[in-house]
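Structural characterization, general
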Amino acid sequence: MTDQVRTDVDGGMLTVTLDRPKANSVDVATSRALHEAFDRLRRDDSLRVAIVTGAGERFFSAGWDLKAAAEGEAVDADHGPGGFAGLTEFFALDKPVIAAVNGLALGGGFELALAADLIVAAEHAEFALTEVTLGMVADSGGVLRLPERLPRAVAAEMLFTGRRMTATEAQRWGLVNRVVPADDLLGAATDLAHQICAAAPLAIAAVKEILRSTAALDVESGFRLMRSGNLPNYQAMLRSEDALEGPRAFAEKRRPKWTGR
């Protein structure tokens, strides 16, 4: 990792902190470092969940570094194998990611939060996709993912105008899971992470696979896909030792001992 992207491991939890003053913006080097962090989450079987956050209290991330872009950095081509901020890696992960949004999440910073499975926001946090005001489109996932997470008219307004949405409004629309005082942000995110770590790892991977694979399907089509045998994580969960351990532990009134097998 670099000074701009710090990683810390606590048990099965990986915390990724973007620390690039003043606005935690992302240039090519930072983007590649973020990709490496999420690739580590993917490869390391001891890691169960990640929290991504920003340093300081003003910015989660202002997104793409416009100064670096003005000096010649490409918008997307040079950001490495994971695309901008490692988001390509994000989308394919079978482990949950929690965004702990500590301030402004603008442009690509908002797209980074949108790529997460869960969002915990500080009370003063705000969200915006400002690309149209700069002559661009939020094409690192925002223009596609925001209408999945908000009513289409609300998403369209944000995409067309670049307006900011407060954390409270985002929670009201169901975009944010929890809104907490700034001092409680990492504690709330860590609490969610510990709950995920207490669940069976193969079951978590199966849930992520099902959510990803059925996002564009109706319920009946989703059931057909699940029965087709074409979801490897789901099939592995059904045949696992953990699928036997869970009911056994419940019957014996003890905590399950997950092996991930």
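What counts, and where the lines are drawn
Residues numbered from 1 in each chain as written. Predicted model: local features only at pLDDT ≥ 70, side-chain atom pairs only at ≥ 80, totals over all residues. Heavy atoms only, no water. Buried < 20%, exposed > 50% of the residue type's maximum accessible area, 1.4 Å probe, protein only. Helix = DSSP H or I, 4+ residues; strand = E, 2+ residues; numbered from the N terminus. Pairing = 2+ DSSP bridges. Expected span 1.5 Å × (residues − 1). Contact = heavy atoms within 4.5 Å. Axes fitted to C-alpha atoms, helices over the stretch in contact; angles between N-to-C directions.

An unreviewed UniProt entry annotates the chain as enoyl-CoA hydratase originating from Saccharopolyspora hirsuta.

Points about the pairing of strand β7 (residues 118-122)
Taken across its five residues, β7 has four buried, putting it largely inside the fold. Of the strand pairs in this sheet, β7 and strand β10 (residues 178-180) are connected by three bridges, and their pairing is parallel. Bridge pairing in β10 places A121 opposite V179.

A few points about helix α1 (residues 28-43)
The end-to-end C-alpha distance of α1 is 22 Å, a good match for the 22 Å that 16 residues give at a rise of 1.5 Å each. Among the residues of α1, V28, T30, S31, A33, L34, H35, A37, F38, D39 and L41 are the ones counted as buried.

A short note on the environment of V143
By the secondary structure assignment, V143 is in helix α5 (residues 142-149). According to the relative accessible area criterion, V143 is partly exposed, its value standing at 34%. For V143 and A121, which are 22 residues apart along the polypeptide, the C-alpha to C-alpha distance reads 21 Å. When residues no more than four places from it in sequence are discounted, the contact partners of V143 are V137, A138 and L159.

Observations concerning the sheet that holds strand β1 (residues 5-10)
Strand pairing within a sheet occurs via backbone hydrogen bonds; the two strands may be parallel or antiparallel. With respect to topology, six strands assemble into an open sheet ordered β1-β2-β3-β5-β7-β10, the strand pairing being mixed. Edge positions in the sheet fall to β1 and β10, since each of these pairs with one other strand and no more. When strand polarity is set aside, the average angle formed by the axes of neighbouring strands in this sheet is 20°. One ladder, built from four bridges, connects strand β3 (residues 49-54) with strand β5 (residues 97-101); its direction is parallel. Looking at β5, one finds that A50 is bridged to V97.

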